[in-house]
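Notes for the structure review
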Amino acid sequence: MSQSPVSATRRLIVGGLGLAAASAALPAQAQASKAKTPARPVLPVSKLKNPVVLDPRDFGAKADGVTKDTAAIQTALDRCATLGGGEVVLSGGTFLTGAIRIGSRTTLRIDSGATLQGSPDLADYPVVQVRWEGRFVPGYIGLVWAREAHDVALTGKGQIVASSAIKRRIETATGYRHPALLEFVEVKGLSVTDLRTEQNDMWSIHPVYCEDVVFRDVIVHGGADGIDVDSCSRVLIERCDFDVADDCISLKSGRGLEGNMIARPTEDVTILDCVFRDRRWACIGIGSETSAGVRRVLVERCKCLSAYTFAIYIKSRPGRGAFIEDIVMRDLEVSNTGQGFLRLNFLDSGKQDQFPVPGLAGIPTVRNIVFERIKVTDVPVLVEAVNVHPDKPVDGFVLNGITGTARRGIRLANLRNVDLKNINVTIAEGPKLATNNVTGRGLEGAVAGDPTPRPTDVVATEPAYRFGQVSGRPN
């Protein structure tokens, strides 16, 4: 029997299920305490004997937006690193450039009123081995990049802008990945602060194998992902503003046997006081490339102002292997989502690798996922967490202090040690909570949900993957 809008809006999850009462016996933060919090990055304070300050104009830069200043900017950066470190300062103009590389102990400062403008010519970006969707493939290096360096910084009140002439993420003729805006590989001690960035159809900011990384007060506009943290350790993303056409922040660690054998996880990531606007996927995505694991992630005091799908999307699939664990998100405001607040999908997210991790080892292990003090406004779905493999249920899932309004409630399947409490969300239609193969606290009053179909087993490929082989074009 259908209900009137008035009666529907009076249906409160906490009232119907008695979640608070059912969880009263559980000590506060008992489940949350199982999730380990991340270590913060430590950026060394460089004590340079004679720091240099260089202007690319002294090496021939025109900053007229027409002449390519690549050689002049690169000369300044190289001399800065060679002479022991310091700053290269761009001021007062538009510096048109191809890809430029920053060396150790070097800061690239782009002052207010200055623009670093990417060249429209792909020939200005060297082809190297790049990480793309979790694998190493040939591709064009980023506009601003660093590799095997330390103490690298980008700062200033200016902007870095990609060429809008470079369309799509992959070059059709060659299959090469197009250039990211900022790309850092094997950098220890990386700081990007205060800048405004604008990217085309490719990812904006892509650190790979980096340690001790800070992104602070960065404005990220683009036609694809904002920041893709890829097999990095100790990362802080703070007070950044995102308006992008794909995941605002995505945490990755490789795909298939290549990523699993390299085994460099993304770990110890802290995301604070950010604002997210997504036009294609999610505000924060974890996965789906998780073959080396993702662990110890803390998200606090962020605003998810729009999301095409779910504000938070944690995802993987059989064939990835590894783990997703110790994820804690607190004090979030969520509104204007196309599909809902939270989705967990560990069955079919992302493309299967040509060489997946086979068998039980290829099913990701997921544990200790915590959401506390979340305010949602008119989300279509509160939580969708049914795409979980029955052979490896999620172990440890907490929802605590969820308030606001949603059209539909919570659906859970194949979870253990669930703790639902202090959930005061007005649900307009359907069951408040539906479960199948779920154990834990705060589940009283749940209706029976549909069982999750067991996916087809992932088997080893023939011939077997050989570490280091070329695994084909990007797909």
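First things first, this report covers the structure right here in the doc. Worth saying up front: this structure is predicted, and the values here are computed from it rather than measured. Every chain is numbered on its own, with residues counted from 1 as its sequence reads. Where totals are concerned, whole chains, interfaces and linings use all residues; where local detail is concerned, this predicted model gives features only for residues with pLDDT of at least 70, and gives and counts side-chain atom pairs only at 80 or more. Only hydrogens and water are removed before side-chain values are computed, so all heavy atoms of the structure are retained for them.

Observations concerning the side chain of Thr 290
Note the cut-off: Numbering of helices and strands runs from the N terminus, with a helix taken as a DSSP run of H or I at least four residues long and a strand as a DSSP run of E at least two residues long. Burial classes follow relative accessibility: with a 1.4 Å probe on protein chains only, a residue under 20% of its type's maximum area counts as buried, one over 50% as exposed, and anything between as partly exposed. Counted as a polar contact is a pair of N or O atoms within 3.5 Å, where, for protein atoms, one must be capable of donating a hydrogen and the other of accepting one, and residues adjacent in sequence contribute only when both atoms are in side chains. Throughout, a contact is declared for two residues whenever any of their heavy atoms are within 4.5 Å.
Note that Thr 290 resides in the loop between β23 (284–286) and β24 (294–306). When its relative accessible area of 0% is taken as the criterion, Thr 290 is described as buried. Among the polar contacts made by the side chain of Thr 290, one reaches the side chain of Ser 316 at a distance of 2.8 Å. Excluding residues that lie within four positions of it along the chain, Thr 290 makes contacts with Ser 253, Gly 254, Lys 315, Ser 316, Arg 320, Gly 321, Ala 322, Phe 323 and Ile 324.

A closer look at the pattern of salt bridges
Opposite charge on two side chains lets them pair, provided their charged atoms get close. Going by this rule: A pair is scored as a salt bridge if a Lys or Arg side-chain nitrogen falls within 4 Å of a carboxyl oxygen belonging to Asp or Glu.
Within this structure, the stated rule accounts for 36 salt bridges. Among the salt bridges present, the one from Asp 217 reaches Arg 239, with a minimum N-O distance of 2.9 Å. Within this pair, whereas Asp 217 is found in the loop between β15 (211–216) and β16 (219–222), its partner Arg 239 is found in the loop between β18 (233–238) and β19 (241–244), the two being separated by 22 residues in sequence. Judged by relative accessible area, which is 41%, Arg 239 ranks as partly exposed. Ionic contacts of the salt-bridge type, sharing partners, join the residues Glu 133, Arg 135, Arg 255, Lys 351 and Asp 353 into one network.

Description of unusual backbone geometry
The step from Gly 287 to Ser 288 runs through a cis peptide bond, and the omega angle for that step is 5 degrees. Considering the arrangement of structural elements, one finds Ser 288 in the loop between β23 and β24. Here Glu 462 and Pro 463 are connected by a cis peptide whose omega angle stands at 0 degrees. At Arg 301, a position not held by glycine, the phi torsion is positive, near 55 degrees. For Arg 301, a relative accessible area of 41% translates into the label partly exposed. One non-glycine residue with positive phi stands out, namely Asn 422, at about 55 degrees. Tracing the backbone shows Asn 422 in strand β29 (residues 394–427).

Examining the packing of aromatic side chains
Note the following rule: Pairing of aromatic rings covers Phe, Tyr and Trp, the last counted by its six-membered ring, and requires centre-to-centre distances within 6.5 Å; plane angles under 30 degrees mean stacked, over 60 mean edge-to-face, and any other angle means tilted. Counting as a charge over the ring demands two things of the Lys NZ or Arg CZ atom: a distance within 6 Å of the ring centre and an angle within 35 degrees of the ring normal.
Per the counting criterion, the structure on display carries eight aromatic pairs. Judged by centre distance (4.7 Å) and plane angle (45 degrees), the ring pair of Trp 132 and Trp 203 falls under tilted. Residue Trp 132 is found in strand β8 (residues 127–132), and its partner Trp 203 is found in the loop between β13 (196–198) and β14 (205–208); the two are separated by 71 residues along the sequence. Summarising the burial analysis for this pair, Trp 132 and Trp 203 share the class buried. Ring pairs connect the aromatic residues Trp 281, Phe 310 and Tyr 313, which therefore count as one cluster. The ring of Tyr 209 has Arg 264 lying over it, and the distance from NZ or CZ to the ring centre is 4.1 Å.

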